[in-house]
Amino acid sequence: MKITIIGAGVAGLTAATEFSERGFDVTLVDRGPGPGPQSCSWYAGGMLAPWCEGESAEEPVVRYGAGAIEWWRKRVPGVRRSGSLVLACSRDAGELTRFARRTGEHVTLDGDGIAELEPDLAGRFSRALHFTKEAHLDPRQALESLVQTLVAKNCKLRFETGAEDVSDTGEGIVVDARGFAARDALPDLRGVKGEMLVVRCRDITLSRPVRLLHPRFPVYIVPRDDNTFMIGATQIESEDHSRITARGMVDLLNAAYALHPAFAEAEILETGTDVRPAFADNLPRIRWRGDRIYVNGLFRHGFLLAPACAQMVAEKLADPDFQPEFMDEDYSERASA
Amino acid sequence: MQLYDTEVSSRLLLGTALYPSPAILADAVKHSGTQIVTVSLRREAAGGNSGQAFWSMVQELGVRVLPNTAGCFSVKEAVTTAHMAREVFGTNWIKLEVIGDSETLCPDPFGLVEAAGILAADGFEVFPYCTEDLVTAGKLLDVGCRVLMPWGAPIGTGLGLNNTYGLRTLRAHFPETTLIVDAGIGLPSHAARAMELGFDAILLNTAVARAGDPAGMARAFALAVEAGRAAYLADPMEPRDMASPSTPVFGKAVLR
């Protein structure tokens, strides 16, 4: 079966990978020259942290997110399974208690336990939660690696091609994974603004993502190669994606500084702003209309939920009776026939 | 309850920030029975009307919107935000916040009175977020406010009523003014306590939004506000130090 996928963000590339592994004839189309800032996955943290996310996300995020860790480990290099660390400043200790109560799969560490895992944080915090089964990856490397695999498997990748060049009247199925750009067809999609920074700090080494809880702006810091760190991410009910605000930057840097004052000397390499596509319950949707299947609304859980979404679509294509959990519209040719 | 020229029956007002998702917010609003929600405009408004998708969702809840000027630290910012809110939501109502201290989010009484005067003169119906300070309250009424929103405790702390003496005094000084306790409420018992003191309504956000089950907590607050109001109207007994048996001791049958 021929499948054309629009969008080389995490949803599109994951779908292309999954379909290609299942023997479909895959073409991927994207307006950019490759995976890049045209998709919001470019600005993702790359935390594979389903249990942490469970603090405020709906239950399917935890259930499907847990499976995502293996999905990525099997397909891209650089998935590091060293867990994640959740901390709070002493004045926000109540936040840590609440976080622990609402999540699972964590162990509580004291100051010595923290120092053992992250020596650079020794003496700075007296209590932390270690989510031992969680993992992280570099999203940009991971997306690029999926592209390389698709190229090696002779999938057709048509970059610098607009969605308007894909017509639904041809043979095969179109999987529309355009993210927020698909609002023309999905009016109940909204954008949730996120802001992030990439900094380089040679004085600090971290081995795993660290979340610093705060009643108003929780922030995470994810270590990447070459002493760089991604600091993210604000979450604002706005569809503005022009550039980072001073306040966003101040909140992010304050958190980094609270984690370790050496971040004050960090070089700011990059600032990023984009909007995450989301539906009202912040869970994804699969909608099949004619020859086109929309996969959208992955919110802040792109890397966690894209594999499950791709698998659901692939199974639905193989078995029309299958009812994917995230599918709320099924007007396929076959269903209506 | 009278809020300027609008009559509302629910005495619970809800904020719309910090919920896990808009769907959970909608559920909480439904279970709270509230008729008024507050919406912050400032951050969401960056770049024009870019928060429109969220605001549309809020407007679809079928409740009145009380826009607020959260995050404003100066008279100028607050007044500008209020004007923007009037345009976006088509309402003269404005919950006026002029913050004086970024740690405690304590209102700046001087800026608050000045901004309230400017806005009232401009046709706004101002709901000022203030402390329990009597003098500030009086000045806010002088410049045209007909509703006051004293804090129970600093925003987001959940500490309840930090100064019941001050709140009681405020109530006694301004018996005719609509007084809404805004901020600092953590538990339904805090809300009930404020209502028992004779406050007209409660505005809260964090206590519901950050609960494990926001809809369940919204319902708990609705019940508490109703209970507190009913208790106030029923004229509670005065507490006393010595026990006073409700059944007469004299004449009790001696069984042994």
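Residues numbered from 1 in each chain as written. Chains lettered and ligands numbered in written order. Predicted model: local features only at pLDDT ≥ 70, side-chain atom pairs only at ≥ 80, totals over all residues. Heavy atoms only, no water.

(A) Fine view of the packing of helix α1 (residues 22–32) of chain B against helix α9 (residues 214–233) of chain B. Residue and element names in this part refer to chain B. Relative orientation of the contacting elements α1 and α9 amounts to 20 degrees, with a least axis distance of 7 Å. In this view, α1 runs roughly parallel relative to α9, as classed from their interaxial angle. As for how α1 packs across α9, the hand of that crossing is right-handed. Taking contact as the criterion, the partners of Ile24, Asp27, Ala28, His31 and Ser32 in α1 are, on α9, Pro214, Ala215, Ala218, Arg219 and Ala222. Taken together, the residues of the contact of α1 with α9 sort by class into six nonpolar, two polar and two charged. (Axes fitted to C-alpha atoms, helices over the stretch in contact; angles between N-to-C directions. Helix = DSSP H or I, 4+ residues; strand = E, 2+ residues; numbered from the N terminus. Parallel < 35°, antiparallel > 145°, perpendicular 65-115°, else oblique. Left-handed = near helix turned anticlockwise from the far one by under 90°. Contact = heavy atoms within 4.5 Å. Nonpolar A, V, L, I, M, F, W, Y, C, P; charged D, E, K, R; others polar.)

(B) Representation of the sheet that holds strand β9 (residues 173–176) of chain A in the model. All names here are of chain A. Read from one edge to the other, the open sheet built from seven strands follows the order β8-β2-β1-β9-β16-β15-β17, with strand pairing classed as mixed. Each edge of the open sheet is held by one strand with a lone partner, namely β8 (156–158) and β17 (327–332). Between one strand and the next, the sheet's axes are offset by a mean angle of 15 degrees, whatever the strand orientation. Across five bridges, strand β15 (residues 285–290) lies against β17 in parallel orientation. For Arg287, the partnering residue across the bridge sits in β17 and is Glu329. (Pairing = 2+ DSSP bridges.)

(C) Quick look at the interface of chain A and chain B. Tallying the contact residues gives 25 residues for chain A and 19 residues for chain B. In total, chain A and chain B occlude about 1800 Å² of area from one another, counting both sides; carbon and sulfur atoms represent 49% of this. With a shortest N-O distance of 3.4 Å, B:Arg210 and A:Glu95 are connected by a salt bridge. For the interface between chain A and chain B, the tally reads six residue pairs in polar contact (both at pLDDT 80 or more). Elements represented by at least two residues in the side of chain A that touches chain B include exactly α4 (93–102), β10 (190–200) and α7 (246–259) of chain A. In terms of residue class, the side of chain A that touches chain B is made up of three nonpolar, six polar and 16 charged. (Buried area = accessible area lost by both parts, 1.4 Å probe. Salt bridge = Lys/Arg side-chain N within 4 Å of Asp/Glu carboxyl O. Polar contact = N/O pair within 3.5 Å; in protein donor to acceptor, adjacent residues only side chain to side chain.)

(D) How the structure looks around the pairing of strand β5 (residues 64–68) of chain B. All names here are of chain B. With four of its five residues buried, β5 lies for the most part within the structure. Inspection of the sheet shows strand β4 (residues 36–40) paired to β5 by five bridges, in the parallel sense. Its bridge partner being in β5, Val37 is matched across the sheet by Val65. (Buried < 20%, exposed > 50% of the residue type's maximum accessible area, 1.4 Å probe, protein only.)

(E) Just the confidence of the model for chain B, in detail. Within chain B, residue pLDDT values average 91, and 94% of them lie at 70 or more. This complex was scored by the predictor with a pTM of 0.85 and an ipTM of 0.78. (pLDDT = per-residue confidence, 0-100.)

(F) Structural context of the domain arrangement of chain A. Residues and elements named next belong to chain A. We note that the domain assignment places domain 1 (2–44 + 138–189 + 280–336) and domain 2 (84–132 + 190–278) within chain A. Computed over C-alpha atoms, the centres of domain 1 and domain 2 are 30 Å apart. If you look at the interface, domain 1 gives 21 residues, while domain 2 gives 19 residues. When domain 1 packs against domain 2, close to 1700 Å² is buried across both sides, 52% of that on carbon and sulfur atoms. Linking domain 1 with domain 2 are two salt bridges. (Domains from an automatic or database assignment.)

(G) Quick look at the side chain of A:Glu239. All names here are of chain A. Mapped onto the fold, Glu239 is located in the loop between β13 (228–232) and α7. Overall, Glu239 belongs to the buried group, its relative accessible area being 14%. Only 2.8 Å separates the side chain of Glu239 from the side chain of Arg183, close enough to count as a polar contact. Among the polar contacts made by the side chain of Glu239, one reaches the main-chain amide nitrogen of Gly191 at a distance of 2.9 Å.

(H) Structural detail: the sheet that holds strand β4 (residues 84–88) of chain A. Residue and element names in this part refer to chain A. Reading across from one edge, β5-β6-β4-β11-β12-β13-β10-β14 is the order of the eight strands in this open sheet, with mixed pairing throughout. In the strand order of this sheet, the two ends are held by β5 (107–110) and β14 (267–278), each with one partner. On average, each strand axis in the sheet is inclined to that of its neighbour by 25 degrees, with strand direction left out of account. Across five bridges, the pairing between strand β12 (residues 219–224) and β13 is antiparallel. Bridge assignment links Pro223 to a residue of β13, and that residue is Phe229.

(I) Seen up close, the packing of aromatic side chains. The final tally for this structure, using the stated rule, is nine aromatic pairs over all chains. Where A:Phe229 meets A:Phe263, the ring centres are 5.2 Å apart and the plane angle is 80 degrees; that geometry is what we call edge-to-face. Of this pair, A:Phe229 sits in strand β13 while A:Phe263 is found in the loop between α7 and β14, placing the two residues 34 residues apart along the sequence. According to the relative accessible area criterion, A:Phe229 is buried, its value standing at 2%. Relative to B:Phe127, the ring of B:Tyr4 has its centre 5.6 Å away and its plane inclined at 50 degrees; by these criteria the two rings are tilted. Of this pair, B:Tyr4 sits in the loop between β1 (2–3) and β2 (6–7) while B:Phe127 sits in strand β7 (residues 125–130), placing them 123 residues apart in sequence. For B:Phe127, a relative accessible area of 0% puts it in the buried group. Above the face of the B:Phe124 ring, B:Arg86 is positioned so that its terminal group lies 4.0 Å from the ring centre. (Phe/Tyr/Trp six-rings, centres within 6.5 Å; stacked < 30°, edge-to-face > 60°. Lys NZ or Arg CZ within 6 Å of the ring centre and 35° of its normal.)

(J) Layout of α1(B). Turning to α1(B), its buried residues number three or more, namely B:Pro22, B:Ile24, B:Leu25, B:Ala28, B:Val29 and B:Ser32. All buried residues of α1(B) fall inside an arc of 155 degrees around its axis, so they share one side. Looking at the packing, one finds that the buried side of α1(B) touches β10 of chain A together with β3 (12–15), β4, α2 (52–59), α8 (206–209) and α9 of chain B. Within two residues after α1(B), B:Gly33 carries a phi angle of roughly 70 degrees, on the positive side. (Arc of directions from axis to C-beta.)

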